[in-house]
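# Per-entry structural report
Read off the chains here:
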Amino acid sequence: MTEPIVKMIDIKKHFGPVIALNGVSFDVKPGECHCLLGDNGAGKSTFIKTMSGVHKPTSGQIMFEGKEMSFNSPRDSMEAGIATVYQDLAMISLMSVTRNFWMGREPVKRVGPFKLIDFDMANSTTMAEMKKMGINLRSPDQAVGTLSGGERQTVAIARAVYFGAKVLILDEPTSALGVRQTANVLATVDRVRKSGIGVVFITHNVRHALAVGDRFTVLNRGKTLGTAVRGEITPEELQDMMAGGQEMAKLEGSLGGTV
Amino acid sequence: MSDNAPAAGGPDANSDERVKEMGGLRKWLIRPELGGIVGVIAVFTFFGILAGDSGMFSAQGIMNWGQISAQFMIIAVGACMLMVAGEFDLSVGSMIGFAGISIAMFGVVWGLPMWIAILITFAICLSIGAINGFIVVRTGLPSFIVTLAFLFILRGFTIFVPQTVENRTIIGGIEEAAEGDWLAAIFNTDLAGWLFVWLGNNGIIDTFSRGSREGEPVISGIPMLIVWAIVLVIIGHIILTRTRFGNWIFAAGGDAQAARYVGVPVDRVKIIMFMTTAFCATVFACVQVFEFGSAAADRGILKEFEAIIAVVIGGALLTGGYGSVMGAALGALIFGVVQQGLFFADVESSLFRVFLGIILLFAVVLNTYIRRIITGER
């Protein structure tokens, strides 16, 4: 059994009197896709923000490759190898794909006394990396605004992978996408996982989770309700856990199918 | 979303058949400088016809609108980069008056060597720029409000200090005080005088035909004002388009949160941009003070808006994340040519403001359209 890259133990996070997380434990191993499910307000976002260094946990341990870590900023966790792709904040639509891809880590070359961005290298690398992910760009100068939602997610994922992420956190990457684009993003997740990166996939869509997940952890009201391994759980059970069971079953009865 | 729906049965080929190849014209259209280039051509054609024989395009005439344009350019560079970073600064005009009075107070009234007065003034103004930026970044308030406050605070001080100390709001005697000062010289020297003497002697440009300067060329050299403008535009353009920091400026203005998530120090970028604007305003003040030989507390009024208009004509979006220093420089050129051109064409000069308003509206509408093309929403 491989050791987890990131292990979060009994994480608690309070915002003043509000208890957002009340003891959540979670881990992700290399090459697996661990899905974090939960309804709105379950604490998914707070939890991944503690993992990516945006929030500091009130109590609890974060172990990264066996060592205890404390992230003070997103930059800290990024440097450790945890990359986060946020649903709508992944890209800046007015800027070119290349500028987005390298944002924060622009390659520079010396020209006389000046350090200028090495656009030749940046452009060709961007094109090559996007091709690997199955996206053919018209040109690297193309503004991200001209890409579809799924393509933007893919650029963000490609960026994280290129910069050596060991753990990739995806925050509801499929929630705003159409059917075909969702399939593309899920295929990308699968490709990334096979390259040995640990993927944390946040979603509230059970079908998307089951399509790529190896393990499933359900979060409800700031607590983990349990972790299940692929094949040991049915979509219905997962759905019930997320939504709190009984009422949902009734609702679905009246709606005539799984939501 | 309809744009993103999968084509029924469409093959997943290498090139997406649903993305149209972008035509050359369209590609040109999304350059931020487009508006500026079109405007420059239009303005030159217009005045070429209307005022072609009025001396507007003689050496003297060119120097005339060239200097006015250069003034606009200096403040437009700072305003442009700040706007790309997603903020703007309404205190530029007050800062110009403030810096001028500061130089006069330290250098003339309190008798410090001029170069020390200049350095102190730069230090004070850059600090005020930093405070502007710091307040905006820390409070998250719109820069409109914060810098509006400084518009009044600075203007008030600019009048209060000389009024209290000297009982007047115009301070002269700067020329004498700056005599032979090395730092003042970089704001107030004419370069390449020999070239113009040569041009004058060979009859390429006019020479004075009488008076104490008889025989001297009508232009004594390239004023430092123009040199500063060109140097600032070039440096600004390179920083914005070619450097890592430039990419951060775009990122900070495009989407500050997304930029923070990938480790761009957004707050630092914005504060530095406020300081850059203050720097440009101070350069403007220095050039003006040493040219006029005096400082007045009412200098620079409305300059902040003129800078913003030049930047918007130059294709920058008021919402940040998009713009060009070259475009802003073209906007400033349009400004200068029109302001002086109306004079040469013997048109009532109040019409200049009418023109400004109209061209501003045009520019904003064009920019909004261009933005839609870039972001793919049609």
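Please read all numbers here as calculations on a predicted model, not as lab measurements.

The subject of this paragraph is the overall build of chain B. In terms of helices and strands, chain B carries 16 helices and 4 strands. Out of the 378 residues belonging to chain B, those deemed buried represent 47%. Within chain B, counting contacts between residues at least 6 apart in sequence, those at least 24 apart form 78% of the total.

Along the backbone of chain A there are 9 helices and 12 strands. Rg of the C-alpha trace for chain A: 19 Å, near the compact-globule value of 18 Å for 259 residues, within the 12% margin. Along the longest, intermediate and shortest principal axes, the C-alpha atoms of chain A span 70 × 40 × 40 Å. A buried classification covers 47% of the 259 residues belonging to chain A.

Our next topic: the pairing of strand β11 (residues 215-220) of chain A. Residues and elements named next belong to chain A. Both strand β3 (residues 33-38) and β11 contribute to a ladder of 5 bridges, which runs parallel. Looking at β11, one finds that Leu37 is bridged to Val218. Looking at chain direction, β11 and strand β12 (residues 223-229) are connected through 6 bridges and run antiparallel. The partner of Arg215 across the bridge, within β12, is Val229.

Take the nonpolar core next. In terms of nonpolar packing, the biggest core is built from 186 residues, with Leu168 of chain A together with Ala76 of chain B touching the most fellow members. When residues in this core are grouped by element, the largest group, 17 residues, is from helix α13 (residues 266-292) of chain B. Two domains each provide a minimum of three residues to this core, namely domain 1 (6-91 + 147-255) and domain 2 (95-146) of chain A. Non-local contacts of Leu168 of chain A, meaning those with residues more than four positions away in its chain, are made with Ala83, Val85, Ile157, Ala160, Val192, Ile197 and Val199 of chain A.

A few words on helix α15 (residues 325-344) of chain B. All names here are of chain B. Between its first and last C-alpha atoms α15 spans 28 Å; for 20 residues at 1.5 Å apiece the expected length is 28 Å, and the two agree. With 17 of 20 residues buried, α15 lies mostly within the body of the structure. In the segment just after α15, Asp346 is the residue with positive phi, at about 60 degrees.

Further remarks concern the domain arrangement of chain A. All names here are of chain A. Domain parsing of chain A yields domain 1 (6-91 + 147-255) and domain 2 (95-146). A separation of 28 Å is found between the C-alpha centroids of domain 1 and domain 2. Listed by partner, the interface residues are 11 residues for domain 1 and 10 residues for domain 2. When residues of the side of domain 1 that touches domain 2 are assigned to their parent elements, the largest contribution, 7 residues, is made by helix α5 (residues 149-162). Considered class by class, the residues forming the side of domain 1 that touches domain 2 number 6 nonpolar, 2 polar and 3 charged.

In this section: unusual backbone geometry. A negative phi angle is the norm for most residues apart from glycine, just as the trans form is the norm for most peptide bonds. The phi torsion at Arg221 of chain A lies on the positive side, around 50 degrees, for a residue other than glycine. Tracing the chain through its elements places Arg221 of chain A in the loop between β11 and β12. Owing to 15 C-beta atoms within 10 Å, Arg221 of chain A belongs among the partly exposed residues under this scheme. Backbone geometry at Asn167 of chain B places phi at a positive 65 degrees, although glycine is not the residue there. Along the chain, Asn167 of chain B turns up in the loop between α6 (143-166) and β1 (170-171). Given 7 C-beta atoms within a 10 Å radius, Asn167 of chain B is considered exposed.

All names here are of chain A. An order of β6-β9-β10-β3-β11-β12 is seen for the 6 strands of this open sheet, with the pairing classed as mixed. If you trace the sheet from one side to the other, it starts and ends with β6 (82-85) and β12, each paired once. The average undirected angle you get between the axes of adjacent strands in this sheet is 20 degrees. As paired strands, β6 and strand β9 (residues 167-171) are joined by 4 bridges and run parallel to one another. Pairing of Ile82 across the sheet is with Val167, part of β9. Running over the sheet, helix α1 (residues 44-51) touches β3, β6, β9, β10 (198-203) and β11 and is turned about 155 degrees from β9. Strand contacts of helix α8 (residues 235-243): β3, β11 and β12, with the helix running at about 25 degrees to β11, the strand carrying the most contacts.

Residues and elements named next belong to chain B. Close contact between helix α10 (residues 224-242) and α13 brings their axes to 10 Å; oriented N to C, the two are set at 165 degrees. One finds that α10 runs roughly antiparallel with respect to α13. Seen from above, α10 lies across α13 with right-handed handedness. Only Cys280, Val283 and Val287 of α13 make contact with α10, whose side of the interface consists of Met224, Leu225, Trp228 and Leu232. Residue classes in the contact of α10 with α13 are distributed as 7 nonpolar, no polar and no charged.

Moving on, we get to the environment of Thr203 of chain A. Residues and elements named next belong to chain A. Looking at the element boundaries, Thr203 is found in strand β10. Judged by C-beta crowding, with 22 C-beta atoms within 10 Å, Thr203 ranks as buried. Considered as a pair, Thr203 and Thr46 are 157 residues apart in the sequence and their alpha carbons are 14 Å apart.

Moving on to the pairing of strand β7 (residues 108-111) of chain A. Residues and elements named next belong to chain A. Note: β7 against strand β8 (residues 114-117), 4 bridges, orientation antiparallel. Within the sheet, the bridge partner assigned to Val111 lies in β8 and is Phe114. The hairpin formed by β7 and β8 contains 2 residues between the paired strands, and Gly112 there has a positive phi angle of roughly 60 degrees.

Backbone hydrogen bonds hold the strands of a sheet together, and the pairing may be parallel or antiparallel. Residue and element names in this part refer to chain A. The 4 strands are arranged β2-β1-β4-β5 in an open sheet whose pairing can be described as antiparallel. A strand with exactly one partner marks an edge of an open sheet, and here the two such strands are β2 (18-28) and β5 (67-69). Within the sheet, the average angular offset between the axes of one strand and its neighbour, ignoring direction, is 30 degrees. As paired strands, strand β4 (residues 59-64) and β5 are joined by 3 bridges and run antiparallel to one another. For Ile62, the partnering residue across the bridge sits in β5 and is Met69. This element, α1, spans β1 (6-15) and β2 of the sheet and lies at about 120 degrees to β1.

All names here are of chain B. Look at helix α5 (residues 114-139) against α6: their axes get within 9 Å of each other, and the N-to-C directions meet at 145 degrees. The interaxial crossing formed by α5 with α6 has right-handed handedness. Together, Asn132, Ile135 and Val136 of α5 and Ser143, Val146, Thr147 and Phe150 of α6 make up the contact between the two elements. A per-class count over the contact of α5 with α6 returns 4 nonpolar, 3 polar and no charged.

Calculation criteria
Residues numbered from 1 in each chain as written. Chains lettered and ligands numbered in written order. Predicted model: local features only at pLDDT ≥ 70, side-chain atom pairs only at ≥ 80, totals over all residues. Helix = DSSP H or I, 4+ residues; strand = E, 2+ residues; numbered from the N terminus. Buried ≥ 20, exposed ≤ 12 C-beta atoms within 10 Å, placed from the backbone. Contact = placed C-beta atoms within 7 Å. Rg over C-alpha atoms; globule rule 2.2 N^0.38 Å. Pairing = 2+ DSSP bridges. Core = buried A, V, L, I, M, F, W, Y, C linked by C-beta atoms within 7 Å. Domains from an automatic or database assignment. Expected span 1.5 Å × (residues − 1). Nonpolar A, V, L, I, M, F, W, Y, C, P; charged D, E, K, R; others polar. Axes fitted to C-alpha atoms, helices over the stretch in contact; angles between N-to-C directions. Parallel < 35°, antiparallel > 145°, perpendicular 65-115°, else oblique. Left-handed = near helix turned anticlockwise from the far one by under 90°.

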